[in-house]
Amino acid sequence: MATHTGSEGTVHVGTDAIAEIRSFSLEATSEVIEDTSMGDTDRSFKAGLKSFTGSVEVFWDEADTAQIALDVGAEVTLKVYPEGATTGDKYYSGSAIVTGRTVTSSFDGMVEAAITVQGNGALTLATA
């Protein structure tokens, strides 16, 4: 079984890698629909609709095409590579709408940005 360090990962917007990534997250969920009927002795459920959300934290880089493409309201193709983007590596891909961007700074720190997205359709697992 292989393990990976966080520094191996990358996120792409379309074909452009996002520069200066500090961290990222991807969460996929499924609704649960109860289908228990009268006379059953235990509750039972069916899987419902799936969805995904994500976030990327970066050092702000106004010259980075991928960061600039993550404008609030934009619909983008997001590719999340947890183990890197080398041939044979697995990655997640899906269409997403940018739902938020927070830019922060302090006098003794770096300018950073946090971008959040809401999936718009299926999240697929593929191989680079």
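In what follows, the structure referred to is the one given above.
Values in this document were obtained by computation on a predicted structure and should not be read as measured data.

**Details of the overall build of the protein chain**
Then, in step 1: Helix and strand counts for the protein chain come out as one helix and eight strands.
Then, in step 2: Its helices and strands taken in sequence order, the protein chain reads β-β-β-β-α-β-β-β-β from the N to the C terminus.
Then, in step 3: Over its C-alpha trace the protein chain gives a radius of gyration of 18 Å, far above what one expects of a compact globule, namely 14 Å for 128 residues.
Then, in step 4: Projected onto its principal axes, the C-alpha positions of the protein chain cover 65 × 35 × 25 Å.
Then, in step 5: By the burial criterion, 25% of the 128 residues in the protein chain qualify as buried.
Then, in step 6: Long-range pairs, those at least 24 residues apart, make up 61% of the contacts in the protein chain with a sequence separation of at least 6.
Then, in step 7: Total accessible area on the protein chain is roughly 8100 Å²; 52% of this is exposed by carbon and sulfur atoms.

**Concerning the pattern of salt bridges**
Then, in step 1: One pass over the full model with this rule turns up three salt bridges.
Then, in step 2: For Asp35, the salt bridge identified is with Lys46, shortest N-O distance 3.9 Å. Of this pair, Asp35 sits in the loop between β3 (21-34) and β4 (45-59) while Lys46 sits in strand β4, and the two are eleven residues apart along the sequence.
Then, in step 3: Owing to a relative accessible area of 32%, Asp35 belongs among the partly exposed residues under this scheme.
Then, in step 4: The partner of Arg101 in a salt bridge is Asp71, and the shortest N-O contact between them spans 3.5 Å.

**A few points about the environment of Thr65**
Then, in step 1: Mapping Thr65 onto the fold places it in helix α1 (residues 65-69).
Then, in step 2: With 41 residues separating them along the chain, Thr65 and Phe24 place their C-alpha atoms 18 Å apart.

**Structural notes on the nonpolar core**
Then, in step 1: By size, the foremost hydrophobic cluster in this structure holds 16 residues, and its most contacted members are Val13, Ile18, Leu70 and Ile115.
Then, in step 2: Taken together, the elements giving at least two residues each to this core come down to β1 (10-13), β4, β5 (75-81), β6 (90-104) and β7 (112-119).
Then, in step 3: Ignoring sequence-local partners within four residues, the contact set of Val13 consists of Ile18, Ala66, Ala69, Leu70, Val76, Thr77 and Leu78.

**Brief notes about the packing of aromatic side chains**
Then, in step 1: Under the criterion given, the structure shown has one aromatic pair.
Then, in step 2: Summarising the aromatic geometry, the rings of Tyr81 and Tyr91 are spaced 4.6 Å apart at their centres and angled 25° between planes, so their arrangement reads as stacked. In this pair, Tyr81 is assigned in strand β5 and Tyr91 in strand β6, connecting sequence segments ten residues apart.
Then, in step 3: On the basis of relative accessible area, Tyr91 is assigned to the buried category, the value being 13%.

**Here's the deal with the side chain of Asp64**
Then, in step 1: Position of Asp64 among the secondary structure elements: in the loop between β4 and α1.
Then, in step 2: For the buried Asp64, no salt bridge is present, and the opposite-charge side chain at shortest range is Arg101, 10 Å distant.
Then, in step 3: Those residues within four positions of Asp64 in sequence are excluded, and the remaining contacts are Ala17, Ile18 and Ala19.

Reading the values: the criteria
- Residues numbered from 1 in each chain as written.
- Predicted model: local features only at pLDDT ≥ 70, side-chain atom pairs only at ≥ 80, totals over all residues.
- Heavy atoms only, no water.
- Helix = DSSP H or I, 4+ residues; strand = E, 2+ residues; numbered from the N terminus.
- Rg over C-alpha atoms; globule rule 2.2 N^0.38 Å.
- Buried < 20%, exposed > 50% of the residue type's maximum accessible area, 1.4 Å probe, protein only.
- Contact = heavy atoms within 4.5 Å.
- Areas by Shrake-Rupley, 256 points an atom, 1.4 Å probe, with all protein chains shown as cover.
- Salt bridge = Lys/Arg side-chain N within 4 Å of Asp/Glu carboxyl O.
- Core = buried A, V, L, I, M, F, W, Y, C linked by side-chain atoms within 4.5 Å.
- Phe/Tyr/Trp six-rings, centres within 6.5 Å; stacked < 30°, edge-to-face > 60°.
- Lys, Arg positive; Asp, Glu negative; His and termini not counted.

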